[in-house]
Amino acid sequence: MGIEVANGEIRISRELSDLDRFVLDVIELIEGYTDYVIVSGYVMILLGRSRGTEDVDFIIGELSKEQFMKMCRKALEKGFEFLNPEECNGLYEMLRERMGIRMARRGEIIPNAEIKFPKDYFHAEALRRRLPVILNKKRLYVSPIELQIAYKLYLGSDKDIEDAYFLYELFKESLNRGLLNEYAQKLGVELPF
Amino acid sequence: MAERLAFIRLYVKRLKENPDAVFKQQVKLVNSFLKSARDFPLTKEEYLRLKGELEKN
């Protein structure tokens, strides 16, 4: 068991939590239709930080309405449901308006996946430069570590700064410092480490 | 904050040196967090309202 960084990917070997199993099931669904990247809290947990999260944030590549309708119906078939009161049509409209839709296992609220289309440069960048993480033998894509550090510093709460520092300490040997500086500059934050 | 960052430094050191023990504890924590969330059931509407998302839908 452990965590390693090599050849542009992170490899983690460990027992799966219920949250990991939920995430892997969501990925299996989404991957059939579009690209995705996981951002924020779950990434921290995946990489070993001890904290909870109730929702997992997915940015997905833009889908046509037809493709989304297929994905939505497949989600319902696979035992998921949406927490929003809208039907598939309405959910697609929400995505188009850059709002998040929430999907959970039927009958449950937590954990849930908050799914969005990219709404700004940073979302698009996270998707474009997504980083593979091999969890046991399953592949997941997460936002690049450099972007996460800069973005957490931009958010600026105590918890966010702790998350940024955790990522920095864990990956400082393999970080692309130029990219980290570039993101920090774009977000107008100073790097304290 | 300096103390909390020092704790994170120690935690990462431990994670790098002894990942099995750290991950094992972490999985236990995540599972118990989810269990306690399930023991405190909310309706979809209540949850979305708590997140401030019901009005805008």
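The rules we used
Residues numbered from 1 in each chain as written. Chains lettered and ligands numbered in written order. Predicted model: local features only at pLDDT ≥ 70, side-chain atom pairs only at ≥ 80, totals over all residues. Heavy atoms only, no water. Buried < 20%, exposed > 50% of the residue type's maximum accessible area, 1.4 Å probe, protein only. Helix = DSSP H or I, 4+ residues; strand = E, 2+ residues; numbered from the N terminus. Pairing = 2+ DSSP bridges. Expected span 1.5 Å × (residues − 1). Contact = heavy atoms within 4.5 Å. Core = buried A, V, L, I, M, F, W, Y, C linked by side-chain atoms within 4.5 Å. 1 Å grid on protein atoms, 1.4 Å probe; cavity = no way out; pocket = protein on both sides within 12 Å on 5 of 7 lines; lining within 4 Å. Points joined across faces, edges and corners; volume = space filled by probe spheres on them. Nonpolar A, V, L, I, M, F, W, Y, C, P; charged D, E, K, R; others polar. Axes fitted to C-alpha atoms, helices over the stretch in contact; angles between N-to-C directions. Parallel < 35°, antiparallel > 145°, perpendicular 65-115°, else oblique. Phe/Tyr/Trp six-rings, centres within 6.5 Å; stacked < 30°, edge-to-face > 60°. Lys NZ or Arg CZ within 6 Å of the ring centre and 35° of its normal. Buried area = accessible area lost by both parts, 1.4 Å probe. Salt bridge = Lys/Arg side-chain N within 4 Å of Asp/Glu carboxyl O. Polar contact = N/O pair within 3.5 Å; in protein donor to acceptor, adjacent residues only side chain to side chain.

Chain A goes by Nucleotidyltransferase in an unreviewed UniProt entry, where it is assigned to Thermococcus siculi.

In this structure, what is going on with the pairing of strand β4 (residues 55–60) of chain A? I would like to understand it.
It is a general feature of regular strands that their side chains alternate between the two faces of the sheet. Residues and elements named next belong to chain A. Counting buried positions over the 6 residues of β4 gives 6, a clear majority of the element. Neither face of β4 is open: one carries D55, D57 and I59, the other V56, F58 and I60, and all of them are buried. Here strand β3 (residues 36–39) runs beside β4; their pairing, made up of 4 bridges, is antiparallel. Directly across from V39, in β4, lies its bridge partner D57. As defined by bridge partners, β4 adjoins strand β7 (residues 112–116) across 5 bridges and the pair is classed as parallel. Note that in β7 the partner of V56 across the bridge is A113.

Hey, could you run me through helix α7 (residues 158–171) of chain A in this one?
Count 3.6 residues to each turn of an α-helix, and residues three or four apart come out pointing the same way. With 14 residues, α7(A) should cover 20 Å at 1.5 Å per step; its first-to-last C-alpha distance of 20 Å lies within 8% of that length. Counting buried residues in α7(A) gives 11 out of 14 residues, a clear majority hidden from the surface. Those residues of α7(A) that sit buried are A:D160, A:E162, A:D163, A:A164, A:Y165, A:F166, A:L167, A:Y168, A:E169, A:L170 and A:F171. In the core, the buried residues of α7(A) are packed alongside β1 (2–6), β2 (9–13), α2 (41–46), α6 (145–155) and α8 (177–187) of chain A together with α1 (2–17) of chain B.

Is there a simple way to explain the nonpolar core in this structure?
By size, the foremost hydrophobic cluster in this structure holds 91 residues, and its most contacted members are A:I38, A:L47, A:F58, A:L140, A:I149 and A:F166. Among the elements that make up this core, the one with the highest residue count is helix α1 (residues 18–31) of chain A (8 residues). Sequence-distant contacts of A:L47, defined by excluding residues within four places in its chain, comprise A:I3, A:I10, A:I12, A:I145, A:F166, A:L167, A:L170, A:F171, B:L15 and B:F23.

Please clarify how the layout of surface pockets should be interpreted in this entry.
To find the voids left in a structure, one rolls a probe of water-molecule size over its atoms. Residue and element names in this part refer to chain A. Its volume calculated, the largest pocket comes out at about 430 Å³. Taken together, 21 residues form the lining of the largest pocket, with V39, S40, D57, Y151 and L155 sitting closest to its centre. Among the elements of the structure, β4, β7, α5 (121–128), α6 and α7 are those that each provide at least two residues to the lining of the largest pocket. Per-element tally for the lining of the largest pocket: the top contributor is α6, with 5 residues. Its residues assigned to classes, the lining of the largest pocket comprises 8 nonpolar, 4 polar and 9 charged. Of the residues belonging to the lining of the second largest pocket, the class tally is 6 nonpolar, 2 polar and 2 charged.

Which parts of the structure should I look at to understand the packing of α1(B) against helix α2 (residues 19–38) of chain B?
Angle between the axes and distance between the axes: these two values describe a pair of packed helices. Residues and elements named next belong to chain B. α2 packs onto α1 with a crossing angle of 115° between their chain directions and a minimal axis gap of 5 Å. One way to sum up the angle between α1 and α2 is to call them roughly perpendicular. Where α1 abuts α2, its residues Y11, R14, L15, K16 and E17 lie against P19, A21, V22, F23 and Q25. When the residues that make up the contact of α1 with α2 are grouped by side-chain class, the tally is 6 nonpolar, 1 polar and 3 charged.

Explain the packing of aromatic side chains here, please?
Both the distance between ring centres and the angle between the ring planes are used here to describe each pair of aromatic rings. Residues and elements named next belong to chain A. All chains considered together, the criterion is met by 12 aromatic pairs over all chains. Aromatic pair Y36 and F58: ring centres 5.9 Å apart, planes at 50°, arrangement tilted. Of the two residues, Y36 is situated in strand β3 and F58 in strand β4; the sequence distance between them amounts to 22 residues. Across the pair, exposure class does not vary: Y36 and F58 are buried alike. Ring pairs connect the aromatic residues Y121, F122, Y151 and Y154, which therefore count as one cluster. Cation over ring: R130 sits above Y36, and NZ or CZ is 5.8 Å from the ring centre.

For this particular structure, what's the right way to read the interface of chain A and chain B?
For interface size, the figure often reported is the accessible area lost on association. Listed by partner, the interface residues are 44 residues for chain A and 32 residues for chain B. Summed over both partners, the interface of chain A with chain B buries about 3500 Å², with 63% contributed by carbon and sulfur atoms. Here chain A is connected to chain B by 8 salt bridges. The salt bridge involving B:E53 is made with A:R102; its shortest N-O contact spans 2.7 Å. There are 14 residue pairs in polar contact (both at pLDDT 80 or more) connecting chain A and chain B. Broken down by secondary-structure element, the contributors of at least two residues to the side of chain A that touches chain B are β1, α1, α2, β5 (80–82), β7 and α7 of chain A. Looking at the side of chain A that touches chain B, the element that brings in the most residues is α7(A), giving 7 residues.

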